[in-house]
Amino acid sequence: MSQTLIPTPTGNSTSKNKLTFSLLSLRQFLFSISPEEATFARRGFSSSDARTRQQLEQVGRTFLQGYHAAIAQPQPDLLVPQLNTIPLEWRGFAFEGAGMGLALLDKLTPWRCDRIQTFLNGEGNAHTYMVHVGIGWAIARLPFSIPKALAQLDPLLGWLAIDGYGFHQGYFYWQDYIERFAMPQKLSGYASCAFDQGLGRSIWFVRGADIPRIAQTIQQFHPGRRADLWSGVGLACTYAGGVEKDAIAALQTAAVGYQPQLSQGATFAAKARARAGNLTAHTEMVCQMLCGMSATAAAEITDRALENLPLMVPDNRTSPAYEIWRKRIQAQFGE
């Protein structure tokens, strides 16, 4: 993708333009993340399939495009048109990256801390799942209080930010969180489960979508963590892709005992893409195999599971409405 998402200033600048450009340059200098950070070589990931590696690296590059676009131009009316130049298949990742960028700016500039909410109230709403995940990357990079962060987010989808936090830690620090099974000390209650769902997504990348290695990796975790990890793998496989039909069949076999969680992850991916209008042939294929239905039908399952769902439940710290939602979906696919 050759276009740049960072505006270039023109000549004959006034003093105001020079100041604006200086502030922009400072933001880019302070917050820049090199595209190299999204390569398998830099991260230490392995994959025997060049196409898979290219697909998953493109996910990271597109995320960073969206992130840098938000840092350069956080005004939604100017940011969104830039994000919408990204091809549909990849656009959700750009909105995810923008979510991270806006959340960082909100945290670090307390005189203006409504960027992410304005974004979600506008055109970012169609990508609300991905934007919430992107917020989790900001949580990972700054000293956020988890309870305070959740209190400021949607009571249902806010848990996706903790999912994003888990993905970030697995993606950047996989030796600690995947090889040595670390868990952040500031997490408690259900937040640990949401973290593992994101960690499971990161395993799809860290193991280069290699099904036997993914299964072996999850098997090494404590049994109480495996269901959430498989759910994350199902979501990453369905949304990010990178493999063909035979690998999906192998994945379904490898997840023995956790097929409902795998399928539930697939439905979340289908819903995120359907809501944003960017369903792909890959998502359709995976839903047909893991859920036994079309991607559109899988997305509808998530909607039906929301009916009469109480947002506040007595045991909200350990089994919030978000987990009840997930369990309802998993029940559609048996035990």
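Summary of the structure given here.

As a further point, take the overall build of the chain. When you go through the chain residue by residue, the secondary structure sums to 18 helices and zero strands. Looking at the 335 residues of the chain, the share that counts as buried comes to 56%. By sequence separation, contacts in the chain at least 24 residues apart represent 72% of the contacts at least 6 residues apart.

A few words now on the environment of Thr 128. Mapping Thr 128 onto the fold places it in helix α7 (residues 128-141). Looking at Thr 128, the relative accessible area reads 4%, which means it is buried. Distance from Thr 128 to Arg 275, taken between C-alpha atoms, is 8.8 Å for residues 147 residues apart in sequence.

It is at 6 Å that the axes of α7 and helix α9 (residues 159-172) come closest, and there the two elements cross at 55 degrees. Here α7 is positioned oblique relative to α9, judged by the angle of their axes. The interaxial crossing formed by α7 with α9 has right-handed handedness. Residue-level contacts link Tyr 129, His 132, Val 133, Ile 135, Gly 136, Trp 137, Ile 139, Ala 140 and Arg 141 of α7 to Leu 160, Ala 161, Ile 162, Gly 164, Tyr 165, Phe 167, His 168, Gln 169 and Phe 172 of α9.

Time to look at the packing of aromatic side chains. In this structure the tally under the stated criterion is 21 aromatic pairs. Taking 5.4 Å as the distance between ring centres and 85 degrees as the angle between the ring planes, the aromatic pair formed by Tyr 165 and Phe 195 counts as edge-to-face. In this pair, Tyr 165 is assigned in helix α9 and Phe 195 in helix α11 (residues 191-206), connecting sequence segments 30 residues apart. A relative accessible area of 4% means that Tyr 165 is categorised as buried. Residue Phe 195 is classed as buried on the basis of its relative accessible area, which comes to 0%.

Turning next to the pattern of salt bridges. One pass over the full model with this rule turns up 13 salt bridges. The residue Arg 225 makes a salt bridge to Asp 196 at a minimum N-O spacing of 2.7 Å. Of this pair, Arg 225 sits in helix α13 (residues 223-240) while Asp 196 is found in helix α11, placing the two residues 29 residues apart along the sequence. The pair Arg 225 / Asp 196 is uniform in exposure class, with both members buried. One salt bridge connects Arg 326 with Asp 228, and the closest N-O pair in it is separated by 3.6 Å. Here Arg 326 is found in helix α18 (residues 321-331), whereas its partner Asp 228 is found in helix α13, with 98 residues between them in sequence. With relative accessibility at 1%, the residue Arg 326 sits in the buried group. By relative accessible area, Asp 228 is classed as buried at 8%. Each of Asp 228, Glu 323, Arg 326 and Lys 327 takes part in a single network of salt bridges with overlapping partners.

The subject of this paragraph is the environment of Thr 62. The topology assignment puts Thr 62 in helix α3 (residues 50-72). The class of Thr 62 is buried, set by a relative accessible area of 0%.

Moving on: helix α4 (residues 76-83). If you check which residues of α4 are buried, you get Pro 76, Leu 79, Val 80, Gln 82 and Leu 83. On an axial view of α4, the arc spanned by its buried residues comes to 160 degrees, and they lie on one face. Check the buried side of α4 and you find it contacts α3, α5 (88-108) and α6 (115-121).

For Arg 273, the location among the structural elements is in helix α15 (residues 259-276). Glu 89 is the oppositely charged side chain nearest to the buried, salt-bridge-free Arg 273, at an N-O distance of 5.6 Å. Among the polar contacts listed, one links the side chain of Arg 273 to the backbone oxygen of Tyr 239, at a separation of 2.9 Å. Arg 273 has contacts with Leu 88, Glu 89, Phe 93, Tyr 239, Asn 278, Leu 279, Thr 280 and Thr 283, leaving out every residue within four places of it along the chain.

Scoring rules and cut-offs
- Residue indices begin from 1 for each chain and proceed along its sequence in written order.
- Since the coordinates come from a predicted model, pLDDT governs what is reported: local features require at least 70, and pairs of side-chain atoms require 80 or more to be given and counted, while whole-chain, interface and lining totals use all residues.
- Neither water nor hydrogens contribute to the side-chain values; these are computed over all heavy atoms in the structure.
- Helix and strand definitions here come from DSSP, where helices need a minimum of 4 consecutive H or I residues and strands a minimum of 2 consecutive E residues; each element is numbered from the N-terminal end.
- Working definition: with a 1.4 Å probe on protein chains only, accessible area under 20% of the residue-type maximum means buried, over 50% means exposed, and in between means partly exposed.
- When checking whether two residues touch, look at their non-hydrogen atoms; a contact exists if any pair is within 4.5 Å.
- Axes, fitted as lines to C-alpha atoms, cover a helix only where it is in contact. Angles between the N-to-C directions of the axes lie from 0 to 180 degrees.
- Angle categories are assigned with fixed cut-offs, so that under 35 degrees is roughly parallel, over 145 is roughly antiparallel, 65 to 115 is roughly perpendicular, and the rest are oblique.
- Definitions for this section: a left-handed crossing has its near helix turned counterclockwise from the far helix by less than a right angle. A right-handed crossing has that turn clockwise.
- Only centres within 6.5 Å qualify two rings of Phe, Tyr or Trp (six-membered ring in Trp) as a pair; their planes then separate them into stacked at under 30 degrees, edge-to-face at over 60, and tilted for everything else.
- Throughout this description, the term salt bridge denotes a Lys or Arg side-chain nitrogen within 4 Å of a carboxyl oxygen of Asp or Glu.
- Arc definition: directions from the helix axis to the C-beta atoms.
- By the counting scheme adopted, Arg and Lys are positive, Glu and Asp are negative, and His together with the chain ends is not counted.
- N or O atoms closer than or at 3.5 Å make up a polar contact, with two conditions inside protein: a donor-capable atom paired with an acceptor-capable one, and, for residues adjacent in sequence, both atoms drawn from side chains.

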